[in-house]
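Examining the three-dimensional arrangement
So the chains spell out like this:
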Amino acid sequence: MKMKTKQAWTGFLFALPALIGILIFYLIPYFISLYYGFTLQDQFVGFANFAALIKSNTFWLSMKNTAIFSLIAIPLAVVIPLLIALFLSTFDKHTSFFSSLFLSPLIVPIASVVYVWQIFFTDYGVVNNLLQKLGIEPVTFFKGPWSMALIIIIFVWKNCAYNIILFSAGLRKMPRDVSDFARLDGANRAQVITKIVLPLLRPTTFFVILLTVISSFKIYREVYLLYGMYPDEHVYMIQHFMNNNFNNLNYPRLSTASILLSVFIIAAMLVFFMIERRSNK
Amino acid sequence: MKKRIVIIIKYAVLAIIAILFLLPIIYMLANSVMTSSEIIKAYTNSPEHYANFHVIPDQFSLEQYYQAFLRRPQFLKMFWNSLLITIPIVVIQGLVSVFAAFAFTKLHFPFRDALFFIFIILLIMPSWVTMVPNYMMIQRLGLLDTIWALILPSAFTAFGVCLLRQFMRYIPDETIEAARLDGASTLRILFKIVLPQVKGGFAALMILTFIDNWNMVEQVIIYITDEEKYPLSVALSSYAANDPGVIFACGAIFMIPPLLLYLFHSKEFKNAKY
């Protein structure tokens, strides 16, 4: 009994520094922002701030762009690495040399390659040079809808690497004889993959999706380094909306947006974990 | 014969994938050993003259590196700023997370799982949600426009705790109970038994935390007004506009610390089991 309480104290003590850190920088100020979210000049205003936020056009623009980006970029950054990992698993020899090459986009800082992207994709840049030579109409990657395409390309390029490693690790853990037996029973390659490999890979896939979603929240970095503070309206993301309100220190607006988005993300997360739990049954 | 053709095709595909991933990096490195005048000449573009794909230097030259290291004190200052922000974050994050992850995985205390749930929620929260609370606290503590505004919130994220916990879960409880019966203290169990078994996870944590904060952008432009304190992750892009002749070497130098860290730990990193 005494040992139990001693262990409880040690456990609590060990967790304490981390707890204090998130309490000070995340939890306590989150409750302060709740206060700002429901007041205007120290007057309680109920949901008025939320109503004003929802009427804001720039807020919806940023939500729309972030949604478009996430719905296209995340599936691509999960499926392409899965295909590459399956492809790598067909080699008899070790392919770990290649998978460490694939990791380089993750390791190289964003700011280091930004200038390369600019030279490639600027209006009179390398890519348009190539397109022109092929007789294709040049594309403006820094204006209009193509700017979103450029951001998606860069995101997929950067995030494939780590996901390939995770999928490859998942495939390596898989008992090899399972698929060998199935092949003997006359199942073709496609059947082995869809009926056996993919279901066994499900836990890895959920983990990969989760990490990719978290990385997708950081796309603002690329957008900022390529387009600056005031980008084309097609790549105006939620972080831009927040930054504009930071610049004029609009606390009620900031707090309201932060609260609304946090509730939205918690809800989305609960759905995600519910799907995960159900699929594991 | 047919089999051989299939193998050749497979390696060709592999090579194409590898080139796609490496091209921007090779391009940067190749351009970093060109003279500044060659760079400016190659990339001054206009409707009449499109920029060319230019990867082989006319003349090998370390001029850009010489310029960046010895003629651009500002560049080195920003590089130093990046180190000054990133290293404390990695150290604090590593230390705090090891203890907390161990407590949340292998020790029992009241409200443990409820408290851990907060960490999971925080893990997912994007910067556009957390920066508002962060800002309010940083401002109240009077830390705006200091590097502590960048260090402290990033050092105490939930990432380290969640990642290390994922690794520690696979250590059987019996190992820990046995050591405890032998009279080992909790600290001793953590450092002698648990840590050696999660080396890969710890390497992954160090590398990923380093890379993530080496790339820090959004916090810098909101919390820091004095551009002298900017890290290279933000400052490098203004270089591109003002000083394109040395930008490739600057980018290459900026890449060195994460690359070294990765090379030293690549084995543990890749063997890390999730």
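Just so it is clear, the model here is predicted, and its values are computed rather than measured. (Residues numbered from 1 in each chain as written. Chains lettered and ligands numbered in written order. Predicted model: local features only at pLDDT ≥ 70, side-chain atom pairs only at ≥ 80, totals over all residues.)

1. Brief notes about the overall build of chain A
Inclusion rule: A run of H or I in DSSP becomes a helix once it reaches four residues, and a run of E becomes a strand once it reaches two; helices and strands are each numbered from the N terminus. Radius of gyration means the value over C-alpha atoms here, while the globule rule gives 2.2 Å times the residue count to the 0.38 power. Exposure in this text rests on C-beta crowding, where 20 or more other C-beta atoms within 10 Å of a residue's own make it buried, 12 or fewer make it exposed, and counts in between make it partly exposed. The C-beta atoms are placed from the backbone. By the criterion used throughout, residues are in contact when their C-beta atoms, derived from the backbone, lie within 7 Å.
Along its length, chain A carries 14 helices and 2 strands. Rg of the C-alpha trace for chain A: 24 Å, well past the compact-globule value of 19 Å for 281 residues, more than 25% over. Referenced to the eigenvectors of the C-alpha coordinate spread, the extents of chain A come out at roughly 75 × 75 × 30 Å. Out of the 281 residues in chain A, the part that is buried amounts to 38%. The long-range fraction of contacts in chain A, counting pairs at least 24 apart against all pairs at least 6 apart in sequence, stands at 72%.

2. What to know about the overall build of chain B
Along chain B, the regular secondary structure elements total 14 helices and 0 strands. Reading the secondary structure of chain B in the N-to-C direction produces α-α-α-α-α-α-α-α-α-α-α-α-α-α. Counting only C-alpha atoms, chain B reaches 75 × 70 × 30 Å along its principal axes. Across the 274 residues that make up chain B, the buried fraction comes to 45%. By sequence separation, contacts in chain B at least 24 residues apart represent 80% of the contacts at least 6 residues apart.

3. Topic: the nonpolar core
Note the following rule: To form a nonpolar core, buried Ala, Val, Leu, Ile, Met, Phe, Trp, Tyr and Cys residues must be joined through C-beta atoms within 7 Å. Domain extents, as shown, originate in an automatic or database domain assignment.
A:Ala161, B:Ala100, B:Phe102, B:Val161, B:Leu164 and B:Cys250 are the most contacted members of the largest nonpolar core, which has 152 residues in total. Two domains each put at least three residues into this core: domain 1 (2–61) and domain 2 (75–271) of chain B. Look past the residues within four positions of A:Ala161 in its chain and what remains in contact with it is A:Phe102, A:Leu103, A:Pro105, A:Leu106 and B:Phe21.

4. A closer look at the packing of helix α4 (residues 73–106) of chain B against helix α7 (residues 148–155) of chain B
Residues and elements named next belong to chain B. Put simply, the rule is: Whenever a helix is involved, its axis is fitted only over the stretch in contact; in every case the axis is a line through C-alpha atoms, and angles between N-to-C directions fall within 0 to 180 degrees. Our angle categories are set so that under 35 degrees counts as roughly parallel, over 145 as roughly antiparallel, 65 to 115 as roughly perpendicular, and the remainder as oblique. Here a crossing is called left-handed whenever its near helix is offset anticlockwise from the far helix by less than a right angle, and right-handed whenever the offset is clockwise. Ten residue types, Ala, Val, Leu, Ile, Met, Phe, Trp, Tyr, Cys and Pro, are classed as nonpolar, four, Asp, Glu, Lys and Arg, as charged, and the remainder, Gly among them, as polar.
Running from amino to carboxyl end, α4 crosses α7 at an angle of 25°, the nearest separation of the two axes being 9 Å. Taken together, the axes of α4 and α7 lie roughly parallel to each other. Crossing handedness for the pair α4 and α7: right-handed. Each of Ile85, Pro88, Ile89, Ile92 and Gln93 in α4 lies in contact with α7, whose residues at this interface are Leu150, Ile151, Ser154 and Ala155. Class assignment of the residues belonging to the contact of α4 with α7 gives a composition of 7 nonpolar, 2 polar and no charged.

5. Comments concerning the domain arrangement of chain B
Residue and element names in this part refer to chain B. Here chain B is partitioned into domain 1 (2–61) and domain 2 (75–271). Relative to domain 2, the C-alpha centre of domain 1 lies at a distance of 34 Å. Contacts between the two partners involve 8 residues from domain 1, matched on the other side by 7 residues from domain 2. The dominant element in the side of domain 1 that touches domain 2, judged by the number of residues it contributes, is helix α2 (residues 36–43), at 4 residues.

6. Observations concerning unusual backbone geometry
With a phi close to 65°, A:Asp42 is a non-glycine residue in the positive phi region. A positive phi is found at B:Asp145, a non-glycine position, where the angle reads about 65°. Among the secondary structure elements, B:Asp145 is positioned in the loop between α6 (127–140) and α7.

7. Re the confidence of the model for chain A
Keep this limit in mind: Each residue gets a pLDDT score, which is the predictor's confidence in that residue and runs from 0 to 100.
For chain A, the mean per-residue pLDDT works out to 88, and 95% of the residues sit at or above 70. The weakest mean pLDDT in chain A belongs to helix α9 (residues 176–184) of chain A at 66; the strongest belongs to helix α3 (residues 57–88) of chain A at 94.

8. Observations regarding α6(B)
Residue and element names in this part refer to chain B. Counted only if it meets this: Helix span is expected to be 1.5 Å times the residue number reduced by one.
The terminal C-alpha atoms of α6 lie 19 Å apart, and with 14 residues this matches the ideal 20 Å at 1.5 Å per residue to within 8%. Burial analysis of α6 places 12 of its 14 residues in the buried class, the great majority of the element. Every buried residue of α6 is accounted for by Ser127, Trp128, Val129, Thr130, Met131, Val132, Pro133, Asn134, Tyr135, Met136, Met137 and Ile138.

9. Considerations on the environment of B:Thr86
Residues and elements named next belong to chain B. When you line up the elements, threonine 86 lands in helix α4. We classify threonine 86 as buried; it has 25 C-beta atoms within 10 Å. Taking C-alpha positions, threonine 86 is 21 Å from glycine 200, a pair spaced 114 residues apart along the chain. Beyond its immediate sequence surroundings of up to four residues, threonine 86 is in contact with Phe210, Asn213 and Trp214.

10. Looking at the confidence of the model for chain B
All names here are of chain B. Considering every residue of chain B, the mean pLDDT works out to 90; 98% of them sit at 70 or more. Taken element by element, the predicted model of chain B shows its lowest mean pLDDT in helix α13 (residues 232–242) (83) and its highest in α7 (96). Scored as a whole, the predicted complex attains pTM 0.92, and scored at its interfaces, ipTM 0.90.

11. What to know about the environment of B:Leu115
Here B:Leu115 is to be found in helix α5 (residues 112–124). A C-alpha to C-alpha distance of 33 Å links B:Leu115 and B:Ser82, two positions 33 residues apart in sequence.

12. With respect to the packing of helix α6 (residues 110–121) of chain A against helix α1 (residues 2–31) of chain B
For the pair α6(A) and α1(B), the least separation of the axes is 9 Å and the interaxial angle reads 95°. Classified by the angle their axes make, α6(A) and α1(B) are roughly perpendicular. Here α6(A) contributes A:Ser112, A:Val113, A:Val116 and A:Trp117 to the contact with α1(B), which in turn contributes B:Pro24, B:Ile25, B:Tyr27 and B:Met28. Class assignment of the residues belonging to the contact of α6(A) with α1(B) gives a composition of 7 nonpolar, 1 polar and no charged.

13. Comments concerning the environment of A:Val213
All names here are of chain A. Along the chain, valine 213 turns up in helix α11 (residues 202–216). When the 19 C-beta atoms within 10 Å are taken as the criterion, valine 213 is described as partly exposed. In this structure, the C-alpha to C-alpha distance between valine 213 and serine 70, residues 143 residues apart in sequence, is 7.8 Å.

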